[in-house]
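A look at the structure
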Amino acid sequence: MYDVIIVGAGPAGLTSAIYAVRAMKKVLVLEKLNYGGQIINTLNIENYPASPNVSGFDFATKLYNQAKDLGAIVKFENVIQIKNGNIKSVITSKNTYEAKSIILATGSQNRKLGLENEDNFSSKGVSYCATCDGAFYKGKDVAVVGGGNTALEDALYLADIAKNVYLIHRRDEFRGDAATFNNLKSKDNVKFIYNSNVTKLIGDDKLEAIEITNNDGNKENILVSGLFVAVGRIPLNDSFNELIKLDSAGYIKACEDCHTNIPGIFVAGDIRSKDVRQLVTAVSDGAVAATSAIKFINEK
Amino acid sequence: MEIVNVNKENFKEEVINSQIPVLADFNADWCGPCRMLRPVLDELASEHNDFKIVSINVDDEDELAREYFVSSIPCLVLFKNGEEVNRSVGLKPKDEIESMLGGN
Ligand SMILES: Cc1cc2nc3c(=O)[nH]c(=O)nc-3n(C[C@H](O)[C@H](O)[C@H](O)COP(=O)(O)OP(=O)(O)OC[C@H]3O[C@@H](n4cnc5c(N)ncnc54)[C@H](O)[C@@H]3O)c2cc1C
């Protein structure tokens with residue numbers, strides 16, 4: 001039996017592990033993929049206080065080693081179900097574990113467009129991370145689809161690498177940051193396509209063109225070697241979406257105190273309903289959720 | 001078997017002409033998920049003799065990356081008798097890579 005089981009070894013989960021083991025609790029972290037979460041995709045973290053220019057990989061590795069060295073147990077298993085009770089159980093694809101409290105820190109993943117052959121083109125022209133894959137498109141034509149900050153930042157990043165960048169958005173106005181948008185407008189090789197959706201991916205061995213359909217139903221093919229999808233993220237809530245109260249977008253309804261609707265189950269990081277999904281907010285949730293879990297155990 | 005670094009010069013010998021299946025790991029130094037994947041591949045390589053794993057740095061070997069249409073990394077391409085038979089993109093847990101190898 002563990003005092004705290006943490007689901008997800010991203011920045012939020014690993015930080016809560018640090019706080020819980022330092023309070024002498026027995027802690028298990030369960031991770032389905034690899035430690036670090038989303039941040040390992042970043043080459044350079046520029047906005048984490050007092051640590052400029054650290055790579056996502058280094059940040060994740062330091063955090064992971066810190067949690068392990070302090071005594072957290074980390075196992076690589078996919079959590080498929082959470083059960084409530086006086087003692088809570090966490091069911092993975094391999095085992096069942098019991099705990100006095102649980103912290104959910106499962107984060108989010110990229111939303112796909114949902115096109116029929118989308119998966120066939122992954123690594124063959126369709127990408128979900130401009131900073132990761134942009135370098136493959138030097139001097140080529142690419143498109144970015146999306147309307148938020150990520151789409152704008154991706155387009156700006158790609159404008160310096162690719163020949164032409166088509167920015168496709170289903171509405172007539174961008175939601176993202178005005179300064180980034182103005183910056184983009186000053187780039188000659190960025191072309192804005194409004195009121196349109198990407199409706200088909202075309203190509204044999206690799207992506208050669210995309211079909212876009214505008215709100216009037218008119219279709220057009222654009223020749224591109226790359227399509228960068230930036231249409232938001234989806235919460236990873238499969239293992240607990242029946243037990244825990246979620247908001248309409250599928251994130252866990254919780255305030256700054258990181259309590260869920262179930263006593264003894266807490267939430268931390270991107271999976272919580274919040275305005276700012278960043279490292280600093282993820283790790284601060286981790287500290288708060290662990291402290292709440294410790295209090296819950298001690299008062300029982 | 002240890003992971004071998006492969007470039008344009010030894011690609012034919014190490015991959016195409018290999019008697020056993022080859023898992024080619026397309027990667028780059030700046031790619032965080034690739035660095036995460038490497039220890040997993042090292043483990044697999046030391047546990048198996050029925051296939052070999054090779055590492056291809058896409059920055060140095062952009063011709064090979066282009067030839068095999070690699071445009072997202074990490075990208076694992078499984079070769080049998082010199083032909084691509086399977087591919088996996090992105091960071092994957094060890095058992096998924098194993099089943100990709102076993103499934104062919
Ligand atoms: C490309 C990119 C660049 C970014 N750059 C920055 C930046 O410069 N600065 C910044 O502050 N933020 C940045 N962010 C955002 C930051 O990475 C996230 O806010 C942060 O990682 C959230 O941490 P988390 O622990 O809540 O979730 P995640 O990082 O998403 O971690 C969740 C973990 O839980 C695991 N998991 C999910 N479901 C299960 C399950 N059922 N069983 C077991 N494990 C599970 C996942 O595999 C994952 O490892 C960036 C994000 C991306 C994608």
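Quick look at the overall build of chain B now. On a plain count of helices and strands, chain B comes out with four helices and five strands. Secondary structure elements of chain B occur, N-terminal to C-terminal, as β-α-β-α-β-α-β-β-α. Across its three principal directions, the C-alpha atoms of chain B cover 30 × 30 × 20 Å. Every one of the 104 residues in chain B was classed for burial, and the buried ones make up 53%. Across chain B, contacts joining residues at least 24 apart in sequence account for 71% of those joining residues at least 6 apart.

Evaluated as defined, the whole model comprises two disulfides over all chains. Here Cys129 of chain A pairs with Cys132 of chain A through a disulfide, and the sulfurs are 2.0 Å apart. Judged by the sign of its S-S torsion, about 65°, the cystine formed by Cys129 of chain A and Cys132 of chain A is right-handed. Residue pairing for Cys31 of chain B: its cysteine sulfur links by disulfide to Cys34 of chain B, the two sulfurs lying 2.2 Å apart. The S-S bond linking Cys31 of chain B to Cys34 of chain B shows a torsion near 80°; that makes this disulfide right-handed. No difference in accessibility class separates Cys31 of chain B from Cys34 of chain B, as the two residues are buried.

All names here are of chain B. Structurally, the position occupied by Glu61 is in the loop between strand E3 (52-57) and helix H3 (62-67). On a C-alpha basis, the gap between Glu61 and Lys92 in space is 23 Å, while along the polypeptide they are 31 residues apart. When near neighbours in sequence (up to four residues on either side) are disregarded, Glu61 contacts Val6, Asn7, Lys8 and Ile56.

Attention now moves to the domain arrangement of chain A. Buried accessible area, meaning the area lost when the parts come together, often serves as the stated size of an interface. Domain annotation of chain A identifies domain 1 (2-109 + 233-299) and domain 2 (112-229). Here the C-alpha centre of domain 2 of chain A lies 33 Å away from the C-alpha centre of domain 1 of chain A.

Time to look at the pairing of strand E2 (residues 27-30) of chain A. Residue and element names in this part refer to chain A. The two faces of E2 match: Val27 and Val29 on one face and Leu28 and Leu30 on the other face are all buried. Sheet analysis places strand E1 (residues 2-7) next to E2, joined by four bridges and oriented parallel. Its bridge partner being in E2, Ile5 is matched across the sheet by Leu28. Traced from E1 through helix H1 (residues 11-22) to E2, the parallel crossover comes out right-handed. Of the strand pairs in this sheet, E2 and strand E3 (residues 73-75) are connected by three bridges, and their pairing is parallel. Its bridge partner being in E3, Leu30 is matched across the sheet by Lys75. The parallel pair E2 and E3, bridged by helix H2 (residues 56-70), forms a crossover whose chirality is right-handed.

A separate point is the sheet that holds strand E13 (residues 209-214) of chain A. Residues and elements named next belong to chain A. The strand order across the open sheet built from three strands is E12-E13-E14, with neighbouring strands paired in antiparallel fashion. Each of the sheet's edge strands pairs with one partner strand only, and the pair in question is strand E12 (196-202) and strand E14 (219-223). Each neighbouring strand pair of the sheet contributes to a mean axis angle of 30°, computed without reference to strand direction.

Once that is clear, we can look at the pairing of E12 of chain A. Residue and element names in this part refer to chain A. With six bridges joining them, E12 and E13 adopt antiparallel strand pairing. In the strand pairing of E13, Ile202 is matched with Ala209. Counted between consecutive antiparallel strands, the loop separating E12 from E13 contains six residues, among which Gly203 sits at a positive phi close to 155°.

Time to look at the environment of Ser88 of chain B. Residues and elements named next belong to chain B. Within the fold, Ser88 resides in strand E5 (residues 83-89). Residue classification places Ser88 among the buried residues on the basis of a relative accessible area of 8%. Setting aside its immediate chain neighbours within four residues, Ser88 contacts Pro74, Cys75, Leu76 and Met100. Within polar-contact distance, the side chain of Ser88 engages the side chain of Lys92 at 3.4 Å.

About the criteria used
Residues numbered from 1 in each chain as written. Chains lettered and ligands numbered in written order. Predicted model: local features only at pLDDT ≥ 70, side-chain atom pairs only at ≥ 80, totals over all residues. Heavy atoms only, no water. Helix = DSSP H or I, 4+ residues; strand = E, 2+ residues; numbered from the N terminus. Buried < 20%, exposed > 50% of the residue type's maximum accessible area, 1.4 Å probe, protein only. Contact = heavy atoms within 4.5 Å. Disulfide = S-S within 2.5 Å. Domains from an automatic or database assignment. Pairing = 2+ DSSP bridges. Right-handed = clockwise from strand over helix to strand, strands pointing away. Axes fitted to C-alpha atoms, helices over the stretch in contact; angles between N-to-C directions. Polar contact = N/O pair within 3.5 Å; in protein donor to acceptor, adjacent residues only side chain to side chain.

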